[in-house]
Amino acid sequence: MPRLHVVSASTRPTSSGRPLAAWVAELAAGRAEFATTLIDLAEVALPFLDEPAHPAEGRYIHGHTKAWSATVAAADCFVFVMPMYNGGFSAPLKNAIDFLHQEWQGKPVGLISYSAGTSGGAPAVEMIQPVLRRVGLRPARHTLSIPGIEERTGPYGSFPGTADLAAGVAAVLDEVAGLVADEPAVV
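About the cut-offs
Residues numbered from 1 in each chain as written. Predicted model: local features only at pLDDT ≥ 70, side-chain atom pairs only at ≥ 80, totals over all residues. Heavy atoms only, no water. Core = buried A, V, L, I, M, F, W, Y, C linked by side-chain atoms within 4.5 Å. Buried < 20%, exposed > 50% of the residue type's maximum accessible area, 1.4 Å probe, protein only. Helix = DSSP H or I, 4+ residues; strand = E, 2+ residues; numbered from the N terminus. Contact = heavy atoms within 4.5 Å. Pairing = 2+ DSSP bridges. Right-handed = clockwise from strand over helix to strand, strands pointing away. 1 Å grid on protein atoms, 1.4 Å probe; cavity = no way out; pocket = protein on both sides within 12 Å on 5 of 7 lines; lining within 4 Å. Points joined across faces, edges and corners; volume = space filled by probe spheres on them. Nonpolar A, V, L, I, M, F, W, Y, C, P; charged D, E, K, R; others polar. Axes fitted to C-alpha atoms, helices over the stretch in contact; angles between N-to-C directions. Parallel < 35°, antiparallel > 145°, perpendicular 65-115°, else oblique. Salt bridge = Lys/Arg side-chain N within 4 Å of Asp/Glu carboxyl O. Polar contact = N/O pair within 3.5 Å; in protein donor to acceptor, adjacent residues only side chain to side chain. Phe/Tyr/Trp six-rings, centres within 6.5 Å; stacked < 30°, edge-to-face > 60°.

A. How the structure looks around the nonpolar core. Formed by 28 residues in total, the largest nonpolar core has its most connected members in Trp68, Phe78, Phe80, Ile97, Trp104 and Ile128. Elements that contribute at least two residues to this core include exactly helix H3 (63-73), strand E3 (77-83), helix H4 (91-98), strand E4 (108-114) and helix H5 (122-134). Of the residues forming this core, the biggest block, 5 residues, is contributed by H5. Here Phe78 is in contact with Leu4, His5, Val7, Val72, Trp104, Lys107, Pro108, Val109, Gly110, Leu137 and Val176, once residues within four sequence places are set aside. Listed in part, the 27 residues of the second largest apolar core include Val24, Ala25, Ala140 and Val176.

B. Summary view of the pairing of E4. Across the 7 residues that make up E4, a large majority, 7, are buried. Side chains Pro108, Gly110, Ile112 and Tyr114 of E4 all project onto a buried face; the interleaved residues Val109, Leu111 and Ser113 project onto the opposite face, where all are buried too. Inspection of the sheet shows E3 paired to E4 by 6 bridges, in the parallel sense. Bridge pairing in E4 links Phe78 to Val109. A crossover connection joins E3 to the parallel E4 through H4; in handedness this β-α-β unit is right-handed. Sheet topology places E4 next to strand E5 (residues 138-139); 2 bridges connect them, and they run parallel.

C. Molecular detail of the layout of surface pockets. Put simply, the largest pocket is a space of about 170 Å³. Arg12, Tyr85, Ala116, Ile149 and Glu150 are the residues nearest the centre of the largest pocket, which is lined by 13 residues in total. Among the residues forming the lining of the largest pocket, the class breakdown is 6 nonpolar, 5 polar and 2 charged.

D. Structural context of the packing of H4 against H5. The N-to-C vectors of H4 and H5 enclose an angle of 10°; their axes lie 11 Å apart at closest approach. Taken together, the axis directions place H4 and H5 in an arrangement best described as roughly parallel. Contacts between H4 and H5 involve Leu93, Lys94 and Ile97 from the first element and Ile128, Val131 and Leu132 from the second. Class assignment of the residues belonging to the contact of H4 with H5 gives a composition of 5 nonpolar, no polar and 1 charged.

E. Broad picture of the pattern of salt bridges. Scanning the entire structure with this criterion turns up 7 salt bridges. Note that Arg31 and Asp174 form a salt bridge whose closest N and O atoms lie 2.5 Å from each other. Here Arg31 is found in the loop between helix H1 (17-29) and strand E2 (35-40), whereas its partner Asp174 is found in helix H7 (residues 163-182), with 143 residues between them in sequence. By relative accessible area, Arg31 is classed as buried at 17%.

F. Fine view of the side chain of Ser10. Of note, Ser10 is situated in the loop between strand E1 (3-8) and H1. For Ser10, a relative accessible area of 1% gives the class buried. There is a polar contact of 3.2 Å between the side chain of Ser10 and the backbone nitrogen of Arg12. Residue contacts for Ser10: discarding those within four places in its chain leaves Ser15, Arg18, Asp40, Ala42, Pro83, Tyr85 and Tyr114.

G. Quick peek at the packing of aromatic side chains. A complete count under the given rule lists 5 aromatic pairs for this structure. Members of the aromatic cluster, connected to one another through ring pairs, are Trp68, Phe78, Phe80 and Trp104.

The structure is reproduced here in structure tokens:
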């Protein structure tokens, strides 16, 4: 069974994306295709890239890099639940990607973006796709962008998803599952 990591890509303590990512992980865990794990970049707490060797060499000296490497290597595919900041994707997500190289190779990734505004983070999705391809990830063509995230977050940090949003998440997960089946990850 493919191991899916749903990555919450905001490190803000008040992030509306964290409940969204938990909801996405819950939906994914309810499917037979995946063994799902929720990864929160705030908990991973990577500093800015501080390895002396190029990530493609895989010669890590810091414990945080070794732990992140093991986390990413353990996954067969990903869904990034990502905010849009000022028209782009978040620095913590870019940094988390930049730390590694081989661990990303050939693995499918689905993108679910969100924003406070009307775009739902779609510009961030467009911006990150060349970066994902550059490190060897295989982005799903189908994406989901969720506008007005702050109004959608429920009390106590919950995310009361709608049937339409659940269908959008299912479409992303369907494509990620299809990509996993089409071509196994190279590690």
